[in-house]
Amino acid sequence: MPDTVRFSNRLNWTAKTNAFSRIIREKEQNGIAVVDLTKSNPTTVGFDVCQQDSESSMSLADVVSYAPEPAGLLPARAAIAAYYRDHAIDVDPAQIIVTASTSEAYSHLFRLLADPGDSVLTPQPSYPLFDYLAALDGLHVAPYRLVYDNSWRIDLVSVQKAISPHTRAMILVNPNNPTGSYIAPAELVAAKNICRHRVPLIVDEVFLDYDLCDTGANRRSLCGDHEDVTFILSGLSKVAALPQMKLSWIVVCGPRPPRERAVAALELINDMYLSASIPVQAAAPTLLAARHAIQSAIRTRLQANLDMLDRALAATAATRRGVQGGWSAVIDLPPVRSDEGWVLHILDNENVTFHPGFLYDFEDDPVVVCSLLTPPADFEHGIQALTRCLPASSPQ
Ligand SMILES: Cc1ncc(COP(=O)(O)O)c(C=O)c1O
C-alpha cells in the first residue's frame, strides 16, 4: 500500500547536520572510544545521586490514591514557594503551576499567549530547542541577539527590530545556555520598555543556582514583583540535577487580577494533560530540600573544570569567553576553519567531541562549546586534545 499519510507542516524542520553522530558511531563500531565533552545529563557524569535515596524514598501508601489538582499538588507547590523563599522571594503557592518539564511549560505558555502564526522573541545564541518548541505550537521565532564584548549583553536594537505586532512573548534565559550570562537589572528594564506592557516576559531560570563566582553576586532571580504578568520557569532537571523526575514549574508574577486570570487559564490547559506524576509531586518537597548537596558538588566540578580549562588555554591561540553561571564554557578558536570544521578536526585527530557553536546559533565563527559537567579526567583529556590541535599562539 502506498504511504500517502501526510504529516503536519509543524514538523518541516531542516535537520542540522548529523555528521558528528555518524562519525562517532563509526568510531565506536571500530572499537575507538570517543571522549564526549558535551554531556549535560547530570545522571551520567558520576555524581552520587544515591546520597539522596534514604531521604527521598516514599511510601506507596502516600501515592496510591489519585486526587489531582490542575495546578499541581499543594505540598509540591509549597515546596517550590519555599525554594523561592531561600532566594529571598515571596511566592504564593497559588501563583505556581506544576508541569512535567520546562518544555511542557513553554508549550502551555505558547498556547496561553499566542495563536498559530504569531511569534516569540528568543535569544540567540541560546537553547536549541526554542525553534522546535515554537514550531510544534505553530509559532515562529523572532531571534534577538546576545553580543559578546568581554561580557555578554542583550543587543537591544536587535530586540526592537525583532518585535512586531505578531509578537506574543519575549523569552529571557537567566543565566543563558550556553553563554552563562545572567540578565543585568538594566537589561530587564530595557527589555520591559521595549515590550511596553504588551508582550509578556517568559524567564527561564533552570540554571539560576549555578553561578560560577560562588559569591551569589550574579544569582538574582527575576521572580518577584513585576508591573506586568511575567512567567518564571524552572524545574528539578537542573535545580535538583534530576532530569528523570520530570517535574518543572511556572511561577506567574505580576499584578493580581491579570495574574489570577493567567493562572486560571494555565490551570485549564494543565488539567487537559495532568502530566506531572503524583509520585514525583509527592517527592518534590524532599527532592528540593536535598538539592543543596548536589548543587554544591556540581558547582565544585564546574569551577574545577573551568580552572583546568583556563590553565590549558593560557599559552594557546584559543580563548575562553567570560561566563557567570550555567554548565557550559564557550571557546573561541582560530579562524582557520569553521566551528563545524574544528569539531570534525578534533574528532578525527583526537577522538574527542565538542559542540559546534552553530548548534546554539552563534553567528561569530568559530566557537565550540563544552560541558563543564564532564567528569574531570575526561575533561582534562579532552581539553589537552584540543590544545594539541591548536596552532601555537603568536607571541605578545
Ligand atoms: C535553557 C534551558 N531550559 C530548559 C532546559 C530543559 O529543561 P527540562 O528538562 O525541564 O525540559 C534546558 C536543558 O538544557 C535548558 O538549557
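Small disclaimer: the values here were computed from a predicted structure and weren't measured.

Q: Break down the overall build of the protein for me, with residues and values.
A: From N to C terminus, the protein includes 13 helices and 14 strands. Against the compact-globule benchmark of 21 Å for 396 residues, the protein has a radius of gyration of 22 Å, which places it among compact chains. Judged by the C-alpha coordinates and their principal axes, the protein covers about 65 × 60 × 55 Å. Out of the 396 residues belonging to the protein, those deemed buried represent 42%. In the protein, once contacts between residues fewer than 6 apart in sequence are set aside, the share between residues at least 24 apart is 74%.

Q: Lay out the domain arrangement of the protein in plain terms, naming residues and giving numbers.
A: The accessible area lost on association of the parts is a frequent measure of interface size. Domain boundaries assigned for the protein yield domain 1 (9–48 + 292–389) and domain 2 (66–290). Placing the centre of domain 1 and that of domain 2 at their C-alpha centroids yields a distance of 26 Å. Taken together, the 28 residues of domain 1 in the interface contact 31 residues of domain 2. Elements that contribute at least two residues to the side of domain 1 that touches domain 2 include exactly α11 (291–313) and β11 (328–332). When residues in the side of domain 1 that touches domain 2 are grouped by element, the largest group, eight residues, is from α11. Its residues assigned to classes, the side of domain 1 that touches domain 2 comprises 15 nonpolar, nine polar and four charged.

Q: Lay out the site of the ligand in plain terms, naming residues and giving numbers.
A: Contacts to the ligand come from 13 residues, most closely from S101, T102, Y127, N177 and S237. Its residues placed into classes, the shell around the ligand shows four nonpolar, eight polar and one charged.

Q: Give me the lowdown on the packing of helix α4 (residues 102–113) against helix α5 (residues 129–136), citing residues and values where you can.
A: Interhelical geometry of α4 versus α5 gives an angle of 45° and a closest axis separation of 10 Å. With respect to their mutual orientation, α4 and α5 come out oblique. Of the two elements, α4 crosses α5, and the hand of that crossing is right-handed. Facing S103, Y106, S107 and F110 of α4, the residues of α5 in contact are L129, L133, A134 and L136. Per-class residue counts for the contact of α4 with α5 are six nonpolar, two polar and no charged.

Q: Before we move on, can you summarise the environment of T43 with the specific residues and values?
A: Structurally, the position occupied by T43 is in the loop between β1 (35–36) and α2 (53–56). C-beta crowding within 10 Å serves as the criterion here: with 12 such atoms nearby, T43 is assigned to the exposed category. In the structure, T43 is positioned 17 residues away from E26 in sequence and 25 Å away in space, judged by C-alpha atoms.

Q: How would you summarise the sheet that holds strand β5 (residues 152–154) if you had to cite specific residues and measurements?
A: The mixed open sheet is built from eight strands, whose spatial order is β2-β9-β8-β7-β6-β3-β4-β5. The two strands at the open ends of the sheet, each matched to only one other strand, are β2 (96–99) and β5. Adjacent strand axes in the sheet meet at a mean angle of 25°, parallel and antiparallel pairs treated alike. The pairing of strand β4 (residues 140–148) with β5 spans three bridges and is classified as antiparallel. Its bridge partner lying in β5, V147 is registered against R153. Helix-sheet contacts for α5 involve β3 (119–124), β4 and β6 (167–173), and the interaxial angle to β4 is about 165°.

Q: A description of the pairing of strand β7 (residues 201–204) should follow, citing residues and the corresponding values.
A: Neither face of β7 is exposed, since L201 and V203 on one face and I202 and D204 on the opposite face are all buried. One crossover worth recording links β6 to the parallel β7 by way of helix α7 (residues 185–195), and it is right-handed. Note: β7 against strand β8 (residues 230–235), four bridges, orientation parallel. Across the sheet, I202 pairs through a bridge with F231, a residue of β8.

Q: Which residues make up the sheet that holds strand β13 (residues 355–356), and what are the values?
A: Within a sheet, adjacent strands bond to each other through the backbone by hydrogen bonds, running parallel or antiparallel. Strand order in this open sheet of four strands is β10-β11-β14-β13, and the pairing throughout is antiparallel. What marks the edges here is a single partner per strand, and that holds for β10 (319–320) and β13. Docked against the sheet, helix α12 (residues 339–350) engages β13 and β14 (367–371), running at close to 55° with respect to β14.

Q: Hey, could you go over unusual backbone geometry for me, with residue numbers and the actual values?
A: Cis geometry is adopted by the peptide bond preceding P125, which originates at Q124 and carries an omega value of 5°. Tracing the backbone shows P125 in the loop between β3 and α5. Along the chain, N177 connects to P178 via a cis peptide bond; the corresponding omega equals 10°. Among the structural elements, P178 can be located in the loop between β6 and α7. In this model, L274 sits at a positive phi of 40°, which is unusual for a non-glycine residue. Here L274 is to be found in the loop between α9 (256–273) and α10 (278–289).

Basis of the calculations
One numbering rule holds for all chains: residues counted from 1, following each sequence as written. In view of the model being predicted, local features appear only for residues whose pLDDT reaches at least 70, and side-chain atom pairs are presented and counted only at 80 or more, with totals across whole chains, interfaces and linings using the full set of residues. Helical segments are the DSSP runs of H or I of at least four residues, strand segments are the runs of E of at least two, and each set is numbered from the N terminus. Atoms counted for the radius of gyration: C-alpha only. Globule rule: 2.2 Å times residue count to the power 0.38. Here a residue counts as buried when 20 or more other C-beta atoms sit within 10 Å of its C-beta, as exposed when there are 12 or fewer, and as partly exposed otherwise, the C-beta atoms being derived from the backbone. C-beta atoms are first placed from the backbone for all residues, and any pair lying within 7 Å is then listed as a contact. Each domain's extent is set by a domain assignment, obtained either automatically or from a database. In this classification, Asp, Glu, Lys and Arg are treated as charged, Ala, Val, Leu, Ile, Met, Phe, Trp, Tyr, Cys and Pro as nonpolar, and every other residue, Gly included, as polar. Working rule for contacts: place C-beta from the backbone, and if it is within 6 Å of a molecule or strand, that residue counts as near it. Inter-axis angles, ranging from 0 to 180 degrees, are taken between N-to-C directions of lines fitted to C-alpha atoms, where helices are fitted over the stretch in contact. For classification purposes, an angle smaller than 35 degrees is called roughly parallel, one larger than 145 roughly antiparallel, one from 65 to 115 roughly perpendicular, and anything else oblique. Left-handed describes a crossing in which the near helix is turned anticlockwise from the far one by less than a right angle; the clockwise case is right-handed. A pair of strands is treated as paired once DSSP finds two or more bridges between them. Whether a crossover is right-handed depends on one test, that the path from the first strand over the helix to the second runs clockwise when the strands point away from the viewer.

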